[in-house]
Every structure is written in C-alpha cells, then in structure tokens.
Amino acid sequence: VELDVTHAQDGVRQVLTDPIDGYGRENVGDIHCNNGVNPKVHKGRSFSCVVTVDGAQRQVLVEFADDAGTYAVDRPR
C-alpha cells in the first residue's frame, strides 16, 4: 500500500499551519515530500519533506503510526 504523495504534502501543510491541532506556522511555502515518490505505508516507516517556512528551507519528518496510513508530522527543523 502506498500513500499518495500529493495527499501527504497537503496533510503536512495542514498540520504545519493549523493553530489548534498543528504547529500554527503562517508562512509555509513549497512542500516536497519523499522526492515526489508515493511512500510505502508501513508502521514505523518514515519519510521526509522539504518545506519552505518563513523563506527558509526546513526538513519535516513524517512517520507512519500504523499500517492503515495514519501518520504523525514532526515540527520543522
């Protein structure tokens, strides 16, 4: 099973910008996850995204919490 990388990028944007359930970052620009390749879904497996936040490139780690495709998004580093 694979996660659609476009949906992953949208999901990462949602988590980064959401002030209630996410990190509340305002100036989130381009997001490119897993080099544009659909990541394989497997509990404990992770992939990274390159995100532009406040004009600077940051790395965001995304880790699958289960085999159904639920994932957790770490804060930008």
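Structural data are supplied above this passage.
Residues numbered from 1 in each chain as written. Predicted model: local features only at pLDDT ≥ 70, side-chain atom pairs only at ≥ 80, totals over all residues. Heavy atoms only, no water.

Colleague: Would you mind going over the sheet that holds strand E4 (residues 71–73) with me for this structure?
Modeller: Note: strands within a sheet are paired through backbone hydrogen bonds, in either parallel or antiparallel orientation. The 4 strands lie next to each other as E1-E2-E3-E4, forming an open sheet whose pairing is antiparallel. The two strands at the open ends of the sheet, each matched to only one other strand, are strand E1 (28–33) and E4. Strand-to-strand twist of the sheet, defined as the mean angle between neighbouring strand axes without regard to direction, takes the value 25°. Here 3 bridges tie strand E3 (residues 56–64) to E4, and the two strands are oriented antiparallel to one another. (Pairing = 2+ DSSP bridges. Helix = DSSP H or I, 4+ residues; strand = E, 2+ residues; numbered from the N terminus. Axes fitted to C-alpha atoms, helices over the stretch in contact; angles between N-to-C directions.)

Colleague: Help me understand the nonpolar core in this model?
Modeller: A general trend in soluble globular proteins is that nonpolar side chains are found buried together. The biggest cluster of nonpolar side chains holds 17 residues, and the ones touching the most others in it are Val12, Phe47, Cys49, Val51 and Val60. Going through the elements one at a time, helix H1 (5–17), E1, strand E2 (46–53) and E3 are the ones with two or more residues in this core. If we skip the residues at most four places from it in the chain, Cys49 touches Val12, Ile31, His32, Cys33, Arg58, Gln59, Val60 and Val62. (Core = buried A, V, L, I, M, F, W, Y, C linked by side-chain atoms within 4.5 Å. Buried < 20%, exposed > 50% of the residue type's maximum accessible area, 1.4 Å probe, protein only. Contact = heavy atoms within 4.5 Å.)

Colleague: Sorry if this is basic, but what is going on with the side chain of Asp18 here?
Modeller: Mapping Asp18 onto the fold places it in the loop between H1 and E1. Sequence-distant contacts of Asp18, defined by excluding residues within four places in its chain, comprise Tyr23 and Gly24.

Colleague: What is the right way to read the packing of aromatic side chains from this model?
Modeller: Each aromatic ring pair is specified by the distance between its two centres and by the angle formed by the two planes. Evaluated as defined, the whole model comprises 2 aromatic pairs. Between Phe47 and Phe64, the ring centres sit 5.7 Å apart and the planes meet at 45°, which makes this aromatic pair tilted. Highlighted residues: Phe47 in strand E2 and Phe64 in strand E3, separated in sequence by 17 residues. Phe64 matches Phe47 in its accessibility class, with the two residues each being buried. Relative to Tyr71, the ring of Phe64 lies with its centre 6.5 Å away and its plane at 90°, an arrangement referred to as edge-to-face. Here a set of aromatic residues connected by ring pairs shows up, and it is made of Phe47, Phe64 and Tyr71. (Phe/Tyr/Trp six-rings, centres within 6.5 Å; stacked < 30°, edge-to-face > 60°.)

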